[in-house]
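Here's the letter readout for the chains.
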Amino acid sequence: MELMKNIIFIGGIHGVGKGTICKEIALKTDIVHLTASQILKWEEISDSDNKLVKNITSTQDRLIKGLKNLIKKDKKYLLDGHFCLLNSNQVPSRIDEETFDQINPKVIAIVIDDIQEIAKRLETRDGKIYDTKVLNQLQQMETEYAKYLSDKYSIPYIEIQYGNYTQLMEII
């Protein structure tokens with residue numbers, strides 16, 4: 001069973017600013033902001049300092065189950081999450097297409113920022129240094145996959161660069 005077509009999916013790598021943008025949009029609209037991490041109850045399935053995913057498929061199954069319990073037909077949602085994640089070997093990996101088939105987004109947006117800025121934010125937030133090459137590879141993979149999914153579902157694709165989400169607000 002797929003979810004209703006009332007989810008705007010906003011993706012991007014850790015530290016890019018998805019949450020901040022979603023909170024701002026939620027304050028200006030009647031759209032409910034959800035984060036994949038909250039729905040997954042990330043703290044239950046991972047160490048607090050670990051952004052690596054042992055089993056991406058089972059994690060996404062948990063996300064879909066959680067969404068099915070939360071989503072109501074008469075509301076609109078911003079779901080902030082990822083198109084790709086680092087697997088347990090620190091290799092960027094796409095999230096299964098089936099996950100997005102079930103989420104059934106009405107818009108796909110991706111937040112993009114300067115890799116050096118993202119690395120600084122992550123270092124401040126997590127207290128460790130991230131490999132900018134891996135972050136760049138992950139951001140490129142996320143962008144390509146987001147475009148692909150937008151084409152697959154024939155839905156709008158929006159790039160939010162440097163915190164500018166006016167194009168998304170126009171669609172909302």
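For the structure, check the block above.
Basis of the calculations
Residues numbered from 1 in each chain as written. Predicted model: local features only at pLDDT ≥ 70, side-chain atom pairs only at ≥ 80, totals over all residues. Heavy atoms only, no water. Helix = DSSP H or I, 4+ residues; strand = E, 2+ residues; numbered from the N terminus. Contact = heavy atoms within 4.5 Å. Areas by Shrake-Rupley, 256 points an atom, 1.4 Å probe, with all protein chains shown as cover. Buried < 20%, exposed > 50% of the residue type's maximum accessible area, 1.4 Å probe, protein only. Pairing = 2+ DSSP bridges. Axes fitted to C-alpha atoms, helices over the stretch in contact; angles between N-to-C directions. Polar contact = N/O pair within 3.5 Å; in protein donor to acceptor, adjacent residues only side chain to side chain. Expected span 1.5 Å × (residues − 1). Salt bridge = Lys/Arg side-chain N within 4 Å of Asp/Glu carboxyl O.

*Asks:* What am I meant to see in the overall build of the protein chain here?
*Replies:* Looking only at helices and strands, one finds 8 helices and 7 strands in the protein chain. The long-range share in the protein chain, meaning contacts at least 24 apart out of those at least 6 apart in sequence, stands at 79%. Total accessible area computed for the protein chain in this model is approximately 9,100 Å², and 48% of it derives from carbon and sulfur atoms.

*Asks:* Would you explain unusual backbone geometry in this entry?
*Replies:* What is expected of a backbone is that most residues other than glycine have negative phi and most peptide bonds are trans. Notably, S154 is not glycine yet its phi reads approximately 50°, a positive angle. Within the secondary structure, S154 sits in the loop between α7 (132–153) and β7 (157–161). Positive phi, close to 55°, is recorded for Y162, a residue that is not glycine. Within the secondary structure, Y162 is located in the loop between β7 and α8 (166–171). For Y162, a relative accessible area of 60% puts it in the exposed group.

*Asks:* Can you walk me through the sheet that holds β7 in this structure?
*Replies:* The pairing of strands in a sheet comes from backbone hydrogen bonds and takes either a parallel or an antiparallel form. The strand order β2-β3-β1-β6-β7 describes an open sheet built from 5 strands, whose pairing is parallel. The open sheet has two free edges, formed respectively by β2 (32–35) and β7, since each of these has just one partner strand. The sheet shows a mean angle of 25° between the axes of neighbouring strands, taken without regard to direction. Inspection of the sheet shows strand β6 (residues 107–112) paired to β7 by 5 bridges, in the parallel sense. Looking at the pairing, V111 lines up with I160 of β7.

*Asks:* Could you clarify how one ought to interpret the side chain of N87 in this entry?
*Replies:* Examined against the element boundaries, N87 turns out to sit in the loop between β4 (84–86) and β5 (92–94). A distance of 3.3 Å separates polar atoms of two side chains, one belonging to N87 and the other to S93.

*Asks:* Explain the environment of Q60 to me, please; I cannot follow it from the model alone.
*Replies:* Looking at where Q60 falls in the secondary structure, it is placed in helix α4 (residues 56–70). Considered as a pair, Q60 and L40 are 20 residues apart in the sequence and their alpha carbons are 8.2 Å apart.

*Asks:* Please explain α7 as it appears in this structure.
*Replies:* Because each turn of an α-helix spans 3.6 residues, side chains separated by three or four positions in sequence point in the same direction. Taking 1.5 Å per residue as the helical rise, α7 with its 22 residues ought to reach 32 Å, and the 31 Å between its terminal C-alpha atoms agrees with that figure. Among the residues of α7, V134, L135, L138, Q139, E142, T143, Y145, A146, L149, S150 and Y153 are the ones counted as buried. The N-capping residue of α7, defined by a side-chain oxygen 2.8 Å from the backbone nitrogen of K133, is D131. Directly after α7, the chain includes S154, whose backbone phi takes a positive value near 50°.

*Asks:* Please clarify how the side chain of S93 should be interpreted in this entry.
*Replies:* Positionally, S93 belongs in strand β5. What makes S93 buried here is its relative accessible area of 17%. Of note is the side chain of S93, whose polar atom sits 3.1 Å from the backbone oxygen of V91.

*Asks:* Explain the pattern of salt bridges to me, please; I cannot follow it from the model alone.
*Replies:* A side chain with one charge can pair with a side chain of the opposite charge if their charged atoms come near. Taken as a whole and assessed by the stated rule, the structure comprises 6 salt bridges. Across the pair D101 and K152 runs a salt bridge whose closest N-O atoms are separated by 2.8 Å. Here D101 is found in helix α5 (residues 97–103), whereas its partner K152 is found in helix α7, with 51 residues between them in sequence. D101 sits in the partly exposed class, given a relative accessible area of 30%.

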